[in-house]
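Each chain, written out:
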Amino acid sequence: MSMQDILVHTEAGVSTITFNRVDKKNSITEAMYAAMADALDAAGQDAAVRCVVFQGDMAIFSAGNDIADFLQQSAQGAASAAAVGERPVWRFLRAIASFPKPLVAAVCGPAVGIGTTLLLHCDLVYAGDNAAFSLPFVNLGLCPEAASSLLLPQMLGYHRAAEALLLGEPFLAEAALEVGLVNRVVPPSECNALAQAQARKLAAKPLTALIETKRLMKAGQAAQVAARMQEEGVSFTRLMAGPAAKEAFTAFMHKRHPDFSQC
Ligand code: COA
């Protein structure tokens, strides 16, 4: 990873994690997951940090997992359940799902795969009116992660979740607002500033009360979320080594349509 692919900047009690790999549409490599997991661990422990913000570029939040990385992992074959837990992506997912302080996101442009599922673990989400959310796991021969197979049907209702997860078709900012995935839609040029302003409001509040309130809101299903993430992780890594995923990743890298007729 270039040291600049993930930027972490802390100011006035707010730690901001910026996707900064715009030439590859902010797709996320293993090293970037590791950097973000480390940043969250540090922010959780640092008493001076009271809130974390995720942001991307005005034209792209994130194209999701780096597909070249996926192709490499696919070639390595199915990982054991224990090895699943060790990969930086799963460490990052556990870190956002259990992060005790408020998480805020500013999303402009495409938010693909984990670019959308990570939002399910954020407390406040602001979107540019150019935001497009998509969960193309099936189109890649994969299955959902980040407990999205649990949280998305709860949020959208089963049938809309099925449309998002089985067809993998993008949905736009207004639809995300309607189902409650985002708090507010604004012009892209205002999105990061709005998220920062809301984060600073949170940072001015008593941290212990924020932490306790967040914990209580999530207490009902924290264990279920953790268990589902583990179950998804086992399925995801098994599918990753399968023929459909190999075909999808190879097709993407060669800029052609995948052929699933044999999968
Ligand atoms: N992994 C690796 N590289 C990626 C990538 C990803 N997820 N997404 C985009 N890129 C790279 C492209 O290969 C291209 O690289 P190149 O310039 O060396 O050819 C560059 O980023 C620009 O991508 P491009 O597809 O030309 O941009 P676009 O504006 O036309 O489309 C997206 C943007 C995000 C809609 C499109 O890139 C996309 O669908 N990406 C894949 C998303 C995906 O399936 N992610 C996995 C989710 S689990």
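Above this text is the structure in question.
Residues numbered from 1 in each chain as written. Predicted model: local features only at pLDDT ≥ 70, side-chain atom pairs only at ≥ 80, totals over all residues. Heavy atoms only, no water.

Enquirer: Before we go on, may I ask you to explain helix H9 (residues 188–203) in this structure?
Expert: Because each turn of an α-helix spans 3.6 residues, side chains separated by three or four positions in sequence point in the same direction. Here H9 is 16 residues long and its end C-alpha atoms lie 23 Å apart, about the 22 Å a rise of 1.5 Å per residue gives. Check the buried side of H9 and you find it contacts strand S2 (14–19), strand S3 (51–55), strand S4 (103–107), strand S6 (124–128), strand S9 (184–186) and helix H10 (207–219). (Helix = DSSP H or I, 4+ residues; strand = E, 2+ residues; numbered from the N terminus. Expected span 1.5 Å × (residues − 1). Contact = heavy atoms within 4.5 Å.)

Enquirer: Please clarify how the sheet that holds strand S1 (residues 6–11) should be interpreted in this entry.
Expert: Consider a sheet: its strands pair through backbone hydrogen bonds, and that pairing is either parallel or antiparallel. Strand order in the open sheet formed by six strands is S1-S2-S3-S4-S6-S9, and the pairing between neighbours is mixed. Unpaired on one side and paired on the other, S1 and S9 mark the two borders of the sheet. Here the average twist between neighbouring strands, direction ignored, is 20 degrees. Pairing analysis gives six bridges linking S1 to S2, with the strands arranged antiparallel. Following the sheet pairing, Leu7 is matched in S2 by Thr18. (Pairing = 2+ DSSP bridges. Axes fitted to C-alpha atoms, helices over the stretch in contact; angles between N-to-C directions.)

Enquirer: How do you make sense of the site of the ligand when you look at a structure like this?
Expert: Within the structure, the ligand sits among 14 residues, and Lys24, Ala63, Asn65, Ile67 and Lys255 are positioned closest to it. Between the ligand and Lys255 there is a distance of 2.8 Å, counted from an oxygen atom to a side-chain nitrogen or oxygen. Coverage of the ligand by the protein chains reaches 64% of its 870 Å² of free accessible surface. Taken together, the residues of the shell around the ligand break down into seven nonpolar, two polar and five charged. (Near = heavy atom within 4 Å. Polar contact = N/O pair within 3.5 Å; in protein donor to acceptor, adjacent residues only side chain to side chain. Areas by Shrake-Rupley, 256 points an atom, 1.4 Å probe, with all protein chains shown as cover. Nonpolar A, V, L, I, M, F, W, Y, C, P; charged D, E, K, R; others polar.)

Enquirer: What is the right way to look at the nonpolar core in this model?
Expert: Among soluble globular proteins, nonpolar side chains are generally buried collectively. Among the nonpolar cores identified, the biggest contains 65 residues, and Leu40, Phe54, Phe92 and Phe133 are the most heavily contacted of them. The element best represented in this core is helix H1 (residues 30–45), accounting for seven residues. Within the second largest apolar cluster, 16 residues are counted, among which are Val14, Val53, Cys191 and Leu210. (Core = buried A, V, L, I, M, F, W, Y, C linked by side-chain atoms within 4.5 Å. Buried < 20%, exposed > 50% of the residue type's maximum accessible area, 1.4 Å probe, protein only.)

Enquirer: What is the right way to read the pattern of salt bridges from this model?
Expert: Where charged atoms from two side chains of opposite charge come close, those side chains can pair. Within this structure, the stated rule accounts for nine salt bridges. When the shortest N-O distance is used, the salt bridge between Glu30 and Arg87 registers 3.2 Å. In this pair, Glu30 is assigned in helix H1 and Arg87 in the loop between helix H3 (81–86) and helix H4 (88–98), connecting sequence segments 57 residues apart. Two residues, Glu212 and Arg215, come together in a salt bridge whose shortest N-O distance is 2.8 Å. Placement of both Glu212 and Arg215 in helix H10 is noted, with a separation of three residues, approximately one turn of the helix. On the accessibility criterion, Arg215 (45% relative accessible area) is partly exposed. (Salt bridge = Lys/Arg side-chain N within 4 Å of Asp/Glu carboxyl O.)

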